[in-house]
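In case you want the letters, here they are:
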Amino acid sequence: MNLINKYWPNLGGVIGFAIITTILLNGRQVFSIQSLTWLHLAILLLHQFEEYSIPGKFKKFYNTNIWNKNPITRFELNHKGILIVNVILAWTAYLIAAIYGEKLIWLTIGLSGLTILNGIMHTFMFFMLKKYNPGLITGLLIFIPFGTFLLTRIAGNIEQKYWMMGLIVFIIGTVSI
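The model shown is predicted, which means the values in this text are computed figures rather than measured ones.

Calculation criteria
Residues numbered from 1 in each chain as written. Predicted model: local features only at pLDDT ≥ 70, side-chain atom pairs only at ≥ 80, totals over all residues. Heavy atoms only, no water. 1 Å grid on protein atoms, 1.4 Å probe; cavity = no way out; pocket = protein on both sides within 12 Å on 5 of 7 lines; lining within 4 Å. Points joined across faces, edges and corners; volume = space filled by probe spheres on them. Helix = DSSP H or I, 4+ residues; strand = E, 2+ residues; numbered from the N terminus. Nonpolar A, V, L, I, M, F, W, Y, C, P; charged D, E, K, R; others polar. Salt bridge = Lys/Arg side-chain N within 4 Å of Asp/Glu carboxyl O. Buried < 20%, exposed > 50% of the residue type's maximum accessible area, 1.4 Å probe, protein only.

Enquirer: Explain the layout of surface pockets to me, and be specific about the residues and the numbers.
Expert: By volume, the largest pocket is sized at about 1,400 Å³. Lining the largest pocket are 46 residues, with V85, M121, T174, S176 and I177 positioned closest to its centre. Contributing elements (two or more residues each) for the lining of the largest pocket: helix 2 (33–52), helix 3 (58–65), helix 4 (79–100), helix 5 (105–129) and helix 7 (160–176). Its residues assigned to classes, the lining of the largest pocket comprises 28 nonpolar, 14 polar and four charged.

Enquirer: Give a detailed account of the environment of Y62, specifying residues and quantitative values.
Expert: Summarising the element assignment, Y62 is placed in helix 3. Remark: the alpha-carbon pair of Y62 and L77, spanning 15 residues in sequence, is separated by 7.2 Å.

Enquirer: Help me get a handle on the pattern of salt bridges, residues and values and all.
Expert: Taken as a whole, this structure holds one salt bridge when the rule is applied. Here K161 and E159 are joined by a salt bridge, their closest N and O atoms 4.0 Å apart. Classification of K161 by relative accessible area gives partly exposed; the value is 46%. On the basis of relative accessible area, E159 is assigned to the partly exposed category, the value being 46%.

Enquirer: Let's hear about empty space enclosed by the protein: which residues, and what values?
Expert: The tally for this structure, following the rule as stated, stands at one cavity of 30 Å³ or more. Put simply, the largest cavity is a space of about 30 Å³. If you go around the largest cavity, the residues you meet are T37, H40, L41, Y94, A97, A98, T108 and L111. Looking at the lining of the largest cavity, the elements with two or more residues in it are helix 2, helix 4 and helix 5. Residue composition of the lining of the largest cavity, grouped by class: five nonpolar, three polar and no charged.

Given below as structure tokens:
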């Protein structure tokens, strides 16, 4: 278990770069929903790499600066919780969205909202605490613009029921963070 806790963000970073490289080198239509959902997974993996590998230390940052400062942040981060949220839940959800693409567009809608929210939260922490937090760079420079672009790209011809289903995914995801 210690090996998993130590190396999962590195594995994710390698997989993220491999996904991006594969999409760019295979001449796939980068702006197709299918490619964008795979890129969405890749940027999640790179974001987690920044949080937990290089520079890493998000757990320490959170437990020192955020934990127990208000009723919402009453739970300290630990390895088990980090693994469950980031690998089991997030990797699975983003991978399913990537594999099924437009068939599960509602999942991509909800995950895009979570991506944007995550980027906003990292940015907010930066301005509130006046210091870098692991995940800020990818959150601000990739998560917010990419999530916004993905939702804009999806918006064209989607039925309202898929937006509502995406909102449910967003709410459930927000509660589980």
